[in-house]
There are 2 protein chains.
Amino acid sequence: MGATTNVERAVSVLRRMIFSGELPPGSDHLESELAETLGMSRTPVREAALMLQAQGLVEMRPRRGIRISPVSAADMAEIYDILTELESLAAARAAEAEYSKADLATLAAAITDMDTALGADDLRAWAEADDRFHRELVRLGRNARLSMVVSVMRDQVRRARAMTLFMRPKPTQSNEDHRKVYQAIAERDPKTAHDVHHAHREAARDMLVALLDKHQFYGF
Amino acid sequence: MGATTNVERAVSVLRRMIFSGELPPGSDHLESELAETLGMSRTPVREAALMLQAQGLVEMRPRRGIRISPVSAADMAEIYDILTELESLAAARAAEAEYSKADLATLAAAITDMDTALGADDLRAWAEADDRFHRELVRLGRNARLSMVVSVMRDQVRRARAMTLFMRPKPTQSNEDHRKVYQAIAERDPKTAHDVHHAHREAARDMLVALLDKHQFYGF
DNA sequence: TTATGCATTAATGTATACACAAATGGATAC
DNA sequence: GTATCCATTTGTGTATACATTAATGCATAA
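Below is a short write-up of the structure.

Each value, and the rule that gives it
Residue indices follow the written sequence of each chain, beginning from 1 at its first position. Chains and ligands are labelled by the order in which they are written, letters from A for the one and numbers from 1 for the other. Given that the model is predicted, a residue must reach a pLDDT of at least 70 before its local features are reported, and side-chain atom pairs must reach 80 or more before they are shown or counted; all residues, however, enter totals for whole chains, interfaces and linings. For each residue, a C-beta atom is placed from the backbone, and the residue is labelled near a molecule or strand when this atom is within 6 Å of it. By definition, any uninterrupted DSSP run of H or I lasting at least four residues is a helix, any uninterrupted run of E lasting at least two residues is a strand, and each is numbered from the N terminus. Structurally, a nonpolar core is described as a collection of buried Ala, Val, Leu, Ile, Met, Phe, Trp, Tyr and Cys residues joined by way of C-beta atoms within 7 Å. Counting other C-beta atoms within 10 Å of its own, a residue is labelled buried from 20 upward, exposed at 12 or fewer, and partly exposed in the gap between, with every C-beta atom placed from the backbone. What counts as a contact is two residues whose backbone-derived C-beta atoms lie within 7 Å of each other. Residues are grouped as follows: nonpolar covers Ala, Val, Leu, Ile, Met, Phe, Trp, Tyr, Cys and Pro; charged covers Asp, Glu, Lys and Arg; every other residue, Gly included, is treated as polar. For two strands to be treated as a pair, DSSP must find no fewer than two bridges joining them.

1. Thoughts on the protein's contact with DNA strand D
Inference 1: Of all residues adjacent to DNA strand D, which total 16 residues, the nearest are A:T5, A:N6, A:S41, A:T43 and B:E31.
Inference 2: When residues of the surface near DNA strand D are traced back to their parent elements, those giving at least two are α1 (6–20) and α3 (42–54) of chain A together with α2 (31–38) of chain B.

And the structure:
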C-alpha cells in the first residue's frame, strides 16, 4: 500500500484511539509513551500532535504531556452554535446552486438510510447515515474552508455523541427536517433550506447540551 | 521578554514576513532556507510551518518547499461568507449577553477612532480600528472556538486588504453600520444586531470580490 | 505541622545525522 | 529532434542525542 508517512499514520491511529475512547478525554500522555505505542520516534508523534492540536483534539502542554481535550457541555454549546450557522449557510448555497436530482442522489440516499435504520432500531447505522447527510450537505455548499471548519467541529460532536446516542429520544423529528431541507434544495429555495436546517440544528444543540448537563459529562 | 521558544519566534517572524509581503503569496521556500534566515535549525521551522499550514497561511508540499498560500478572489468569497455568518452570530450573542455601557467601551472607542481616522483621511488608522471593532465584537460573543475560526479567516482578509485598501471607495457607509450594530447590542436587540452586521459583511464581500476580480489579483 | 529551599529527575525543545525518494539533467536510442 | 533511461543531486522524513528547564521530593527550619 501507498507511500504513507509515519506522521500520517500517527495522526490516523491517534484519531482512532481518541474516538474509540482508548485515549480518554482529559488524560495525559508523554510524547515518548505515544512514540513507543506507535512504534516510531518522537519526531513524527510531535508533528502529529501539532496537527491534532490545531483541530482541537489534543492540547500540548510543556512538561505535562499531550492532553486529550475534554469535551464539556459548554464546549458542545459553542460547537453547535458554529455548526448551526455554517451548515445552514451551506444549505442555502446548495439551494442556490441549481443542482439536478442526480446531484442530490447521495443526500437522498442518506435520508432513506436513516429511515431504514430507524425502522430497524439500529442507532449506529442511523448515526452513520446522519453523518453522511450532513457531510454531503456541506459539500454541496461548495465552500472548501467551510467544509473544513465544519468537519473539525463535527469530529468533536462525534466524541460526545458516542455517549449520548443511547440516552436520547429517538430522532424521528430529525428525519422530517432532513426531508424538508432536501426538498428546499431541490426546489431551489435557499431561505427555506437555511431556516429549516437552522432550527433543526438549534433543537439538536439544546437536546444534547441538556443531556450533557444533566449527566455532568465533564471531560467525557 | 521571556521564555519564548524558537517555534514561537518562527511562527511570529514568518507571519510578519507573510503579511508584509516579504514572503509573497505563491512563492516557495525550502525548510533549510527559512531555517537559515531565521537562524535556527529545521526542526522548529517545520513545526512552525505545520501550525501556519493549519491556519491556511502556507502549504507544505514534499520536495517543493513551503508555499505561501495565494489568496484569490474565489478564496475571499469563501472567507467572507464564513465571516459573515460567524460574526453576525457573535453580534446576536453579544446583544443577548446584557452588557453594560462600560462593557461596550472598547467597541465604542473603535467606532470613534474609525470616524477620526476617516476625517483625517488616514486609511491605515481606519483599517486598524476596523480590525479592533470586529475583534472586540467577536470577543463579546463569548465563543472561544468561534473567535479562533474568525481570527484565522480575518488573517487572510488582512492579506488581501493590504492591496485593496487604497483602491476602494471610502468606507463611510461602513461606520454607520458599525454604529447601528453597537446600538442594537446596547439595547439588547439580537435580531437587529445580527441582521445589520450580516448585511454589512455581505456588502463588504461583494465590494472586495469585485475589486479583486476586476484587477485579477490571483495569487496576490 | 507547614513552609521554604535545594538537589534530583525527567520531559521537552532543538540540533544534527542519515536514509530514502523524488526531481533533475545528461546520455543514449530511436 | 524527441523520447527513454539512468545517474546524480537534493529535500524531506525520521531517528537520535543532548542541553535546558520545569516539576518533584526530600531535607531543613520555623
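2. Brief notes about the nonpolar core
Inference 1: The biggest cluster of nonpolar side chains holds 75 residues, and the ones touching the most others in it are A:L86, A:A90, A:A91, A:A193, B:L86, B:A91 and B:A193.
Inference 2: Setting aside residues no more than four positions away along its own chain, B:A193 makes contact with B:A91, B:A92, B:A94, B:A95, B:V181, B:A184 and B:I185.
Inference 3: If you look at the next biggest cluster of nonpolar residues, it comprises 32 residues, including A:V58, A:I66, B:V11 and B:L50.

3. Some thoughts on the interface of chain A and chain B
Inference 1: With 16 residues of chain A at the interface, the matching set in chain B holds 16 residues.
Inference 2: Counting only elements with at least two residues in the side of chain A that touches chain B, the list comes to α3, α4 (73–96) and α7 (144–164) of chain A.
Inference 3: Looking at the side of chain A that touches chain B, the element that brings in the most residues is α4(A), giving seven residues.
Inference 4: By residue class, the composition of the side of chain A that touches chain B is ten nonpolar, one polar and five charged.

4. Side note on the protein's contact with DNA strand C
Inference 1: Around DNA strand C lies a shell of 16 residues, among which A:E31, B:T5, B:N6, B:S41 and B:T43 are the nearest.
Inference 2: Elements supplying a minimum of two residues to the surface near DNA strand C: α2 (31–38) of chain A together with α1 (6–20) and α3 (42–54) of chain B.
Inference 3: The leading source of residues in the surface near DNA strand C is α3(B), at three residues.
Inference 4: Tallied by class, the residues present in the surface near DNA strand C amount to six nonpolar, six polar and four charged.

5. Quick word on the pairing of strand β3 (residues 65–68) of chain B
All names here are of chain B.
Inference 1: Relative to β3, strand β1 (residues 28–29) runs antiparallel, the two sharing two bridges. Paired with H29 across the two strands is I66, which belongs to β3.
Inference 2: Pairing analysis gives four bridges linking strand β2 (residues 58–61) to β3, with the strands arranged antiparallel. Bridged to M60 within β3 is I66.
Inference 3: Taking the residues that link successive antiparallel strands as the turn, the β2-β3 hairpin has three residues, and the phi of R63 there is positive, at about 75°.

Shape is all these values report; function is a separate question.
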